[in-house]
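Structural overview for review
Single-letter residue listing:
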Amino acid sequence: MRKIYFDHASAYPVDSRVLEAMSEYYSTWIGNPSSVHSFGVEARKSIGKARESLIRLIGASDPEEIIFTSVATEANNLALIGYSTRNRRKGTKIITSSIEHMSVMNPCKYLQKLGFKVTYLPVDREGFIDIGRLEEEITQDTILVSIAYANGEIGTIQPMREIGKITREKEVVLHADATAACGKIPLDVQDDNIDMMTVSSNDIYGPKGVGALYMRRGVTVAPLVLGGGQERGYRSGSENVPGIVGMGRAAEIAVEEMEDEGKKLKAFRDKLISTVLSEIGGSYLNGHPKKRLPNNANLRFDYIEGEALILSLDMVGVAASSSSACTSKTLEPSHVLIAIGIPPAEAQGSLLLTLGKSNTEEEVDYVLRELPGIVKRLREMSPLTPGGV
Ligand code: PMP
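Not measured: the values here are computed from a predicted model. (Residues numbered from 1 in each chain as written. Predicted model: local features only at pLDDT ≥ 70, side-chain atom pairs only at ≥ 80, totals over all residues. Heavy atoms only, no water.)

Quick look at the packing of helix α3 (residues 72-86) against helix α4 (residues 102-113)
One can describe the packing of α3 onto α4 by two numbers: an axis separation of 9 Å at closest approach and a directional angle of 25 degrees. By the angle between their directions, the pair α3 and α4 is classed as roughly parallel. With respect to the hand of their crossing, α3 and α4 are arranged in right-handed fashion. Facing α3, whose interface residues are T73, N76, N77, L80, I81, S84 and T85, α4 presents S103, V104, P107, C108, Y110 and L111. A per-class count over the contact of α3 with α4 returns seven nonpolar, six polar and no charged. (Axes fitted to C-alpha atoms, helices over the stretch in contact; angles between N-to-C directions. Helix = DSSP H or I, 4+ residues; strand = E, 2+ residues; numbered from the N terminus. Parallel < 35°, antiparallel > 145°, perpendicular 65-115°, else oblique. Left-handed = near helix turned anticlockwise from the far one by under 90°. Contact = heavy atoms within 4.5 Å. Nonpolar A, V, L, I, M, F, W, Y, C, P; charged D, E, K, R; others polar.)

Some words on the nonpolar core
With 62 residues, the main nonpolar core has I58, F68, Y149, L187, M197 and V199 as its most contacted residues. Take this core: its biggest share by element is nine residues, from helix α7 (residues 241-279). Taken domain by domain, this core gets at least three of its residues from each of domain 1 (4-11 + 258-381) and domain 2 (16-254). One finds I273, I304, V316 and L353 within the second-largest nonpolar core, a separate group that totals 30 residues. (Core = buried A, V, L, I, M, F, W, Y, C linked by side-chain atoms within 4.5 Å. Buried < 20%, exposed > 50% of the residue type's maximum accessible area, 1.4 Å probe, protein only. Domains from an automatic or database assignment.)

Some thoughts on the environment of I4
Topologically, I4 is positioned in strand β1 (residues 4-5). Judged by relative accessible area, which is 2%, I4 ranks as buried. Residues I4 and V367, 363 residues apart in the sequence, show an inter-C-alpha distance of 8.7 Å.

Here's the deal with the sheet that holds strand β10 (residues 296-301)
The strand order across the open sheet formed by three strands is β9-β10-β12, and the pairing between neighbours is antiparallel. Two strands in the sheet have a free side with no partner beyond their single neighbour: β9 (283-285) and β12 (350-354). Adjacent strand axes in the sheet meet at a mean angle of 25 degrees when their direction is disregarded. Inspection of the sheet shows β9 paired to β10 by three bridges, in the antiparallel sense. (Pairing = 2+ DSSP bridges.)

Topic: the environment of V276
Among the structural elements, V276 can be located in helix α7. Its relative accessible area of 1% is what places V276 among the buried residues. Here the alpha-carbon distance between V276 and G59, two residues 217 residues apart in the chain, equals 37 Å. Here V276 is in contact with S283, L299, F301, L368 and L371, once residues within four sequence places are set aside.

Re the site of the ligand
Neighbouring the ligand are 10 residues, the closest being V71, T73, H101, D177 and T179. A72 is positioned such that a nitrogen or oxygen atom in its backbone is 3.5 Å from an oxygen atom of the ligand. In this structure, D177 approaches the ligand through a side-chain N or O atom, which is 2.6 Å from a nitrogen atom. Within the complex, the protein chains bury 81% of what would otherwise be the 400 Å² of accessible surface of the ligand. Looking at which element gives the most residues to the shell around the ligand, the answer is α3, with three residues. Considering only residue class, the shell around the ligand consists of three nonpolar, five polar and two charged. (Near = heavy atom within 4 Å. Polar contact = N/O pair within 3.5 Å; in protein donor to acceptor, adjacent residues only side chain to side chain. Areas by Shrake-Rupley, 256 points an atom, 1.4 Å probe, with all protein chains shown as cover.)

Digging into the packing of helix α1 (residues 16-27) against α7
Contact geometry of α1 with α7 gives a least axis separation of 8 Å together with a crossing angle of 155 degrees. What the angle tells us is that α1 and α7 run roughly antiparallel. Read as a crossing pair, α1 and α7 show a hand that is right-handed. Contact residues: α1 offers R17, V18, A21, M22, Y25 and Y26, while α7 offers V241, P242, G243, V245, G246, R249, A250, I253 and E257. Its residues placed into classes, the contact of α1 with α7 shows 10 nonpolar, two polar and three charged.

Describing the pairing of strand β2 (residues 66-69)
Where burial is concerned, the two faces of β2 agree: the one with I66 and F68 and the one with I67 and T69 are both buried. Pairing of β2 with strand β8 (residues 211-215), which is carried by four bridges, proceeds in the antiparallel orientation. Its bridge partner being in β8, T69 is matched across the sheet by G211.

A word on a negative patch on the surface
Together, D124, D130, E135 and E136 give the surface a local cluster of negative charge. Within the secondary structure layout, E136 lies in helix α5 (residues 131-137). (Patch = residues over 30% accessible without salt bridge, like charges linked within 9 Å, V, L, I, M, F, W, Y side chains within 5 Å. Salt bridge = Lys/Arg side-chain N within 4 Å of Asp/Glu carboxyl O. Lys, Arg positive; Asp, Glu negative; His and termini not counted. Charge placed at Lys NZ, Arg CZ, Asp CG, Glu CD.)

Details of the domain arrangement of the protein
What the domain assignment lists for the protein is domain 1 (4-11 + 258-381) and domain 2 (16-254). Once you take the C-alpha centre of each, domain 1 and domain 2 turn out to be 28 Å apart. Listed by partner, the interface residues are 31 residues for domain 1 and 33 residues for domain 2. Taking both sides of the interface into account, the surface hidden between domain 1 and domain 2 amounts to around 2500 Å²; carbon and sulfur atoms contribute 59%. Summed over the three residues of domain 1 that lose the most area to domain 2, namely M258, L293 and I340, the buried surface amounts to 27% of that side. At the junction of domain 1 with domain 2, the criterion picks out zero salt bridges. Run the count over domain 1 and domain 2 and you get 11 residue pairs in polar contact (both at pLDDT 80 or more). Secondary-structure elements contributing two or more residues to the side of domain 1 that touches domain 2 are α7, β10 and α9 (335-339). Looking at the side of domain 1 that touches domain 2 element by element, the count peaks at four residues for α9. (Buried area = accessible area lost by both parts, 1.4 Å probe.)

Structural data, given as structure tokens:
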């Protein structure tokens, strides 16, 4: 049976050029960057090169502003908890949105337990925060605003430049979780006035187990992992040299290929969305039709249970997702879909298709051929369907 992978938001393949770049750092160049011998020097140099590649991808100017972590979740924790606890004397209010990833939401809840006040900005039907409301919420006591550049689930891309303009005017630090956005759309921390930004290696076709936090010069955080003082003391632990080399190579490839890949995936995305909406009655798009990630199609079907849809698609060889992989364990409807105003029962009927660079139009057509029949069959079986469909 054929296998089609439309679940990139959960895990991306590693680009073969990335694997190739990494391999000699598992075998030949095995040095620890802290060592003085030539192996150590090579490891240090290779990490420096990866920092250079990463700053080019995100529009930063100083490689020292990159702190490598183990994963995007850790970078988000470092930004939220590290910044707030380090800068507590400046104020105790944090502003975020109600559709953040759990790696932002849960650090915020933790900070509330420590006595910080967190405002979770509501979003509109398409997932956008209200800029006016953000401006109103920034008080003297506000130290940090954390808004995801793009939502990994509904794909909505926030007006980051407008957000950054406000936080800069109000002299509040802005953190952007760009895990889902990085490598998909152009990013520029300088033009957008972003002070801290989370990026993930795997989401740009690099290896798992690496992430990074961009920290503008002058921004300080309390480290969460204490030890030998690596990464300028912000993240101790022997560096994952092959992983970092891989992330650097992935960033280089993204700089070169993101635009063309984005055009291709956007065309696939739009074909998926428009065909489903026109051919399957009772289907809807979650998020904005255009201001969304080029590889994200999040659809919703009346009278359908998302998990059943995922299993049925899997039976015809298509891997997809019903919500963010990170929260799908809970079987609760996605907090993101609830926040954009979708009733829980309807939110359960959502299908998230996330595309990657190896997907083809032929695969898109296959899914579009299979989906109407699956939806029809599930509706026929569903006790929710009024009088059958
Ligand atoms: N932020 C966003 C927006 C995400 O979509 C994800 C999941 N890919 C994460 C953070 C967490 O990423 P990871 O599980 O790789 O730490």
